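# Structural overview for review
The lines below spell out each chain.
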Amino acid sequence: MLGRRATALLIWALVAACGQSVATTTSAEERPEYPSAMLGGTGSVVSSDAQAFSLPLRTLDEGLRPGFVSGDALFRRGWSSELGLGPTYIAVGCSQCHVRDGRGAPLDIGEGSIVKVSGAEAAYGAQVQVLAVPGVPAEARVSVEWVEEPGSFEDGETYTLRRPVLTVTDPVFGTMQEVDMSLRVAPPVLGSGLLEAVPESEIAQWEDAEDANGDDISGRVNRLGVDGATVAGRFGWKASQSSVLSQSTLALWEDIGVTSSMLPTENCPEAQTACAATPSPGPLSDEELRRLELYVRGLGVPAMRDHEDPEVQAGFEVFVDLGCEQCHRPTMRTGDHELEALADETIHAFTDLLVHDMGERLADGLAEGDASGSEWRTAPLWGIGLTETVTGATYFLHDGRARNLTEAIVWHGGEADDAMQRFRGLSADDRSRLLTFLASL
């Protein structure tokens, strides 16, 4: 009797015989194995409802679960000025942007999205703070309009892309006309602990900054200086944070205005004297910070749905034939970690955690760490098929411009341009198979 892998290959061969195949970019010897349904390793959660991103790893130690629940409460807390909100801020809590631990929406600044800035740090810091506590002025108001552009696949089917245009009004601390701005939606946080547990040596082995193998893909590690050492970035849209703890404390500080022992001074740029003069109720305690870290680390990853479906398996073969797996790597291993549930797991996050040049169409002009304005971390794909179920909407890419996965793929450029052009040349049936596979993740 044929195994799952052989069955998938036989199905794909039959499809190809009907004249619906695509050009193969990976040799038979290099083709990755069809992933296990347990995308997050043995701790994967078997859930496909609205809480699918909010469940703990099934293997999380029972003794740690009260701390996980406490961290969950901190993640969902609505902060007030008495608890440490502000003086300026964008949201009143983590879950206001990370909807049920998923991604945010780009519709209202502060309700799932932020605006990063560069070129006005002394006046505005790293992002525009659109809200403030009483007695402190908010920095500005920002609105988003969408410019649409039509396009079509090679078979004539049409699509429409859109890109955001930001307008700043009432800037309090000087003009922002010469300032680079970038709309960002909050990314999903599921599986963060597992990604933290991937050894730097495994990430570095995929790096090919000079494109030595000539495949036009030159992903590289975003190397960060942390406490006198150089470490690999792995979190954030440009892999500009190296750990769950650093990502969490920065988000608390920049987005909510909550200080901690890691960032003890209020987020008040030099020009903002009223902000700096506002008393603080004190930082988040180290114990609370550790519980929040445990919660984010301990979030599980939903298992793949319809794993045995021939259409899903055929869609994975299209994924590989297009070359998507060269950046969205299906399989990686975690290493040692202080949380036993995260250590020594085979996981299927569909990322290489490297930054890649994605071309001018997606460039935002903002550098982070060693990543340029056109470089972005390969986004993990696990859980992507449950986005609408969890968050009630589908907004993809760093600024939410893509309203569905088709648009997200067509926006790919730079190192991913060849794969995108092959996608545009697919038959409608093969596009459907690919999207069926992605929906299963």
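Before reading on, note that the structure itself is shown above.
Residues numbered from 1 in each chain as written. Predicted model: local features only at pLDDT ≥ 70, side-chain atom pairs only at ≥ 80, totals over all residues. Heavy atoms only, no water.

### A word on the packing of helix α7 (residues 244-256) against helix α9 (residues 286-298)
The geometry of α7 relative to α9 is characterised by a closest axis approach of 10 Å and an angle of 115° between their N-to-C directions. For the element pair α7 and α9, the recorded crossing hand is right-handed. Touching Val244, Leu245, Ser248, Thr249 and Leu252 of α7 are Leu289, Leu292, Glu293, Val296 and Arg297, all from α9. Taken together, the residues that form the contact of α7 with α9 break down as six nonpolar, two polar and two charged. (Axes fitted to C-alpha atoms, helices over the stretch in contact; angles between N-to-C directions. Helix = DSSP H or I, 4+ residues; strand = E, 2+ residues; numbered from the N terminus. Left-handed = near helix turned anticlockwise from the far one by under 90°. Contact = heavy atoms within 4.5 Å. Nonpolar A, V, L, I, M, F, W, Y, C, P; charged D, E, K, R; others polar.)

### Some remarks on the pattern of salt bridges
Side chains carrying opposite charge are able to pair once their charged atoms draw close together. Scanning all chains against the criterion turns up 27 salt bridges. Close ionic contact of Arg31 with Asp321 constitutes a salt bridge, the shortest N to O distance being 2.8 Å. Of this pair, Arg31 sits in the loop between α1 (4-20) and α2 (65-75) while Asp321 sits in helix α10 (residues 310-322), placing them 290 residues apart in sequence. The pair formed by Arg31 and Asp321 is uniform in burial state, with each residue classed as buried. With a closest N to O distance of 3.3 Å, Glu293 and Arg297 form a salt bridge. Placement of the pair is Glu293 and Arg297 together in helix α9, with a separation of four residues, close to one helical turn. Here the salt bridges do not stand alone but share partners, grouping Glu196, Arg290, Glu293, Arg297 and Glu338 into one network. (Salt bridge = Lys/Arg side-chain N within 4 Å of Asp/Glu carboxyl O. Buried < 20%, exposed > 50% of the residue type's maximum accessible area, 1.4 Å probe, protein only.)

### Here's the deal with the nonpolar core
By size, the foremost hydrophobic cluster in this structure holds 86 residues, and its most contacted members are Phe319, Phe437, Leu438 and Leu441. The biggest single contributor to this core is α10, with six residues. When residues no more than four places from it in sequence are discounted, the contact partners of Leu441 are Leu39, Met304, Arg305, Phe350, Leu381, Gly383, Ile384, Gly385 and Leu386. Core analysis: the second largest hydrophobic core is formed by 14 residues, Ala120, Tyr124, Val130 and Leu183 among them. (Core = buried A, V, L, I, M, F, W, Y, C linked by side-chain atoms within 4.5 Å.)

### Here we look at the packing of aromatic side chains
The final tally for this structure, using the stated rule, is eleven aromatic pairs. Taking 6.1 Å as the distance between ring centres and 70° as the angle between the ring planes, the aromatic pair formed by Tyr124 and Phe173 counts as edge-to-face. Of this pair, Tyr124 sits in helix α4 (residues 121-124) while Phe173 sits in the loop between β5 (158-169) and β6 (180-185), placing them 49 residues apart in sequence. The exposure class assigned to Phe173 is partly exposed, which follows from its relative accessible area of 22%. Between Phe319 and Phe350 the ring centres are 5.7 Å apart and the planes differ by 85°, which places this aromatic pair in the edge-to-face class. Linking Phe319 in helix α10 with Phe350 in the loop between β10 (346-347) and β11 (355-357), this pair joins segments that are 31 residues apart in sequence. Classification of Phe319 by relative accessible area gives buried; the value is 2%. Three or more aromatic residues joined by ring pairs form one cluster here, namely Tyr34, Phe316, Phe319, Phe350 and Phe437. (Phe/Tyr/Trp six-rings, centres within 6.5 Å; stacked < 30°, edge-to-face > 60°.)

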